[in-house]
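A structural walkthrough
Residues per chain are reported as follows:
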Amino acid sequence: MRMPVLRAGWSTQAFVHWPFRPDQVQALLPEGLEVDTYEDTAWVSLTPFVMADVRTPGLPASARGLPTFAETNLRTYVRTPDGRDGLWFLSIEVGCPLMLAARAFGAPYRLGRLRTSRDLTAVSYAGARWSGGASYRLVVRPGEPIRPAERDVWLTSRWRAYTSRFGRIWETPVEHEPWPLCEATVDAVEETLTTAAGLPAPGAEPLAHFSPGVRHVRLGRPRPCTAEAGRGGARERSR
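Residues numbered from 1 in each chain as written. Predicted model: local features only at pLDDT ≥ 70, side-chain atom pairs only at ≥ 80, totals over all residues. Heavy atoms only, no water.

A look at the pattern of salt bridges
Defined as follows: For salt bridges, the criterion is a side-chain nitrogen of Lys or Arg within 4 Å of an Asp or Glu carboxyl oxygen.
Within this structure, the stated rule accounts for 14 salt bridges. Salt bridges sharing partners connect three or more residues here, namely Asp 36, Arg 79, Asp 82, Arg 84, Asp 85, Arg 158, Arg 160, Glu 171 and Arg 223.

Next up, the structure:
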């Protein structure tokens, strides 16, 4: 990535994944994106985390970025017709109004009241939209560090996100160091984000991961999605 438009750190991140039938997820995607599957199963993930030191590249290292704030994504996994893989966000809850600027390229940000707290054994996340309706409460107990297997990498490591705006699919590249992943146990989860997005309520126990985070996140400029932009996708996927 030659010149990122935003730098940040992502910390205290939980990944809570539910399996769905591919057709249930495909029905929510725009034309030009296909649901990606792992062993013929589609996955939807709830990923709450904390954004820290958000800054534009021109800001001096000595200057402070934005104050720390919470964000929670409900995401699924997609491919373009020429095979590039990435994320599609069904919803994005955020506590910082400045992030709403990303709506210009179709990112589905909504303002909410979000909280993250941690005690000796567990991390708690909660949020509710200011507009009412969707909310969530999640308690995750991190375990031992793991050496990620293929499915762990598939569910956590994607290097582009897609949005839909102005009748086109837009692609935003993402770079950061590999996720340090831990085992995780879901002690409690209550959420209405999946049904608000148009999915049925999850019908299976979730699979979970936890990460203390990554410090060097770089987000590129959104660009219209073209076949030319996808060259080199296999190399990026292998990170």
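After that view, the rundown keeps rolling.
Section: the side chain of Asp 36
Put simply, the test is: Numbered from the N terminus, helices here are DSSP runs of H or I no shorter than four residues, and strands are runs of E no shorter than two. Residue exposure (1.4 Å probe, protein chains only): buried if accessible area is under 20% of the type maximum, exposed if over 50%, otherwise partly exposed. Counting of polar contacts relies on pairs of N or O atoms within 3.5 Å, with two restrictions inside protein: one atom must be capable of donating a hydrogen and the other of accepting it, and residues adjacent in sequence are counted only when both atoms are side-chain atoms. By definition, residues are in contact when any of their heavy atoms lie within 4.5 Å.
Considering the arrangement of structural elements, one finds Asp 36 in the loop between β2 (34–35) and β3 (42–55). Since its relative accessible area comes to 6%, Asp 36 is described here as buried. At a separation of 3.2 Å, a polar atom in the side chain of Asp 36 contacts the side chain of Arg 79. Apart from residues lying up to four places away in sequence, Asp 36 is in contact with Thr 41, Ala 42, Tyr 77, Val 78, Arg 79, Asp 85, Trp 154 and Arg 158.

Digging into the environment of His 209
Residue position: His 209 is located in strand β12 (residues 207–219). For His 209, a relative accessible area of 3% gives the class buried. Sequence separation between His 209 and Ser 135 is 74 residues, and the spatial gap between their C-alpha atoms is 21 Å. Other than its neighbours up to four places away in sequence, His 209 contacts Gln 13, Ala 14, Phe 15, His 17, Ile 146, Asp 152, Leu 155, Thr 156, Leu 181, Cys 182 and Ala 184. A distance of 3.0 Å separates polar atoms of two side chains, one belonging to His 209 and the other to His 17.

Distances and angles like these do not, on their own, reveal function.
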